Amino acid sequence: MKKFTTVTSTAVPLPNEDIDTDQIIPARFLKATTREGFGENLFRDWRYGADGRPQPDFVLNNSLYRGEILVAGRNFGCGSSREHAAWALADFGFRVVVSSFFADIFAANALNVGLLPVKVSDPFLQQLLAAIAADPGTAITVDLKGERIAIDATGESEQFAIDPYKKLCLLNGYDDIDYLLNLKGEIEAFEARMAGRQ
Amino acid sequence: MAKTLFDKIWNAHVVTSVKGGMEVLYIDRHLIHEVTSPQAFAGLTARGIGVLRPKQTLATADHNVPTVNQHLPIAEPLSRFQVDKLSENCARFGITLYGLGHPRQGIVHVIGPELGITQPGLTMVCGDSHTSTHGAFGCIAFGIGTSQVEQVLASQCLLLSRPKRMRITVDGLLGKGVLAKDIILHIISRLSAAGGTGYFVEYAGSAIRALSMEGRMTVCNMSIEMGARGGLIAPDETTFAYLRDRPFAPTGEGWVRAEAGWRNLFSDDDAHFDRELHFRAEDIEPMLTYGTNPGMAMAVGGQIPADGGDNPASFDKSLHYMGLQPGERMLGKAIQWVFIGSCTNSRIEDLRLVAEFVRGRHKAETVRVLVVPGSKQVEAEARAEGLDKIFAAAGFEFREPGCSACLGMNEDKIPSGEYCVSTSNRNFEGRQGPGARTILASPLTAAAAAVTGRLVDVRNLL
Ligand code: SF4
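Remember, it's a predicted structure, so these values are computed and weren't measured experimentally.

*Asks:* Where do I start with the pairing of strand β1 (residues 14–17) of chain B in this structure?
*Replies:* Residues and elements named next belong to chain B. In this structure, β1 lies alongside strand β2 (residues 23–26), joined through three bridges in antiparallel fashion. Across the sheet, T16 pairs through a bridge with V24, a residue of β2. From the end of β1 to the start of β2, which pair antiparallel, there are five residues, and G20 there has a positive phi angle of about 105°.

*Asks:* Sorry if this is basic, but what is going on with the domain arrangement of chain B here?
*Replies:* Size of an interface: often given as the accessible area lost when the parts come together. All names here are of chain B. If you check the domain split of chain B, you get domain 1 (1–285) and domain 2 (290–460). Inter-centroid distance (C-alpha atoms) of domain 1 to domain 2 is 24 Å. Taken together, the contacts link 47 residues of domain 1 with 44 residues of domain 2. Summed over both partners, the interface of domain 1 with domain 2 buries about 3600 Å², with 56% contributed by carbon and sulfur atoms. In terms of surface lost to domain 2, no three residues of domain 1 exceed T67, I107 and K181, which account for 18% of the buried area on that side. Linking R426 and E225 is a salt bridge whose minimum nitrogen-to-oxygen distance equals 3.0 Å. Scanning the region where domain 1 abuts domain 2 turns up 24 residue pairs in polar contact (both at pLDDT 80 or more). If you list the elements that add at least two residues to the side of domain 1 that touches domain 2, you get α3 (77–93), α4 (108–114), α6 (180–191) and α8 (213–221). Here the residues of the side of domain 1 that touches domain 2 are counted per class, giving 16 nonpolar, 21 polar and ten charged.

*Asks:* For this particular structure, what's the right way to read the sheet that holds strand β9 (residues 164–171) of chain B?
*Replies:* Hydrogen bonding along the main chain pairs the strands of a sheet, whether they run parallel or antiparallel. Residue and element names in this part refer to chain B. If you walk across this open sheet you meet the four strands as β11-β10-β9-β12, and the pairing is parallel. Of all strands in the sheet, those bounded by a partner on one side alone are β11 (230–232) and β12 (275–280). Ignoring which end each strand starts from, the neighbouring axes of this sheet average 20° apart. Here β9 pairs with strand β10 (residues 199–204) via six bridges, running parallel. Each residue of the ladder has a partner; that of M166, found in β10, is V201. Where α6 meets the sheet, its contacts fall on β9, β10 and β12, and the angle it forms with β12 comes to roughly 125°.

Parameters at a glance
- Residues numbered from 1 in each chain as written.
- Chains lettered and ligands numbered in written order.
- Predicted model: local features only at pLDDT ≥ 70, side-chain atom pairs only at ≥ 80, totals over all residues.
- Heavy atoms only, no water.
- Pairing = 2+ DSSP bridges.
- Helix = DSSP H or I, 4+ residues; strand = E, 2+ residues; numbered from the N terminus.
- Domains from an automatic or database assignment.
- Contact = heavy atoms within 4.5 Å.
- Buried area = accessible area lost by both parts, 1.4 Å probe.
- Salt bridge = Lys/Arg side-chain N within 4 Å of Asp/Glu carboxyl O.
- Polar contact = N/O pair within 3.5 Å; in protein donor to acceptor, adjacent residues only side chain to side chain.
- Nonpolar A, V, L, I, M, F, W, Y, C, P; charged D, E, K, R; others polar.
- Axes fitted to C-alpha atoms, helices over the stretch in contact; angles between N-to-C directions.

Encoded structure:
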């Protein structure tokens, strides 16, 4: 996994609430057996019409909005557990998703692939969206070490929380498997205890 | 100290704790399918490691498979490749596969319980959010992402933070024509699609106790639709009776010991829940969804809300997609498709109920009806009981098992703009095919729509 420290970037606003993983990557694009290439079909049915033409009013088709940060409405990533949603966002070039509320499985998946979910308060989410609306060139800084997200131009900022273990993993580029493989002894001891109990 | 059922099971599976609060949880049973596993196996190969406990993982092919002519090679090349990849991975890593054509093949959440693999007190995971279904047996079961599938394959463990606990109690007697599906749609409509996020839910109360195992599975299945990690129900005589003599259930002395242990699986009287909710079964009516998430549901005779409250843009987008108006009633509206299937409602009890209702009736001219059994075993039972003949006489298409139009990964898609009354669990935009308009309902409400071609209150037809 790639190390994550600080990201400073413009952001893409997507204020819809309850964006489910079927919208992020529709099921019919889940037939690949590798992790790459899902970015092409990110938000496929919002990005393109049935005729395959780009939908001009969808934000990813608007050249004003670019960047490594996606700012989305409440309850982002609900629905299916498909990690492909996190892969698609990362493959498209996002490194951070900001929302005031994340679905549990999506947040876990995102952390596991090095995409940082940043949970902010509802008022701060509105501040972010307003700043981006006022100036699509607004830079936003996400500092993982300091657990802080800031609007560079105005200096408005907010703390965010992240599990300390997960933070360590992201900062160092470790993943859970590295950790679990080191626990082989404990796992075997646990299995022996379970077998004894039965 | 008094403990919840959830904590009793969780505590018994903690291998070790990590500084900062996460815990390493041992996973007893792992189910995999063709869509969310290939990248996990590729990950193992890239690391040069194998599967730690291949006997604790079981595979089936369900999401992608056609529901006709399953004896022929899969026509769609990408689907075929994915299903072949699963067979290849299972053979290479020593995992049992109930693949296409196998008499035990079926939707992963249907076959686990019917084979007796799902048992009280266990921890179970699968790369699929509706793994919550298995909680009906009083186990901790939840969906995971592909990186976690890889973790379980590699270590039989997961690193997790413990969710909060919620108890939802439903007391009283359900009215005529009101099913388990209506209970859970009613609950989600009150809690919203995000109301359970961060929680693991225990369902309790006399109305839950009175449900069959099939009904309990329907309730637990949709826990994820309110955002909860999972749902569970304390095991009881109904659970034990269902499990006895299933292929993978313990036998003889083993059964006696297991059952004695299972009888300790309940929340202590004064156990603390972070949140408690109560519902009255008498308040629950047959339900329909009107929007594009399962929280947007109402009683069949109800009116769509006049506005979206503090969420107007998403509400408007949703109704626009559905071709519906704020404040409108849905009763009487014409529909074009009915889908009876999915891990929510494709078990034998669901099919029996539908068959009993349509016996001597015929589908409306304007409707196409797909009945997709949850497994080969359900299919075989339905045929043995002659349900297939009843479906055929009613003009329903009785197909072979798989996820089918629940997520439209195979050919079973609903055309853009058309309405489908579906017994599945998700009415997201495009879930049943690009542009498809899904209305979630119980198998009875779906059957009533099939024979009338409209959204009707099934209670008037019973
Ligand atoms: S039937 Fe639908 S919800 Fe169930 S496992 Fe298959 S795709 Fe998922």
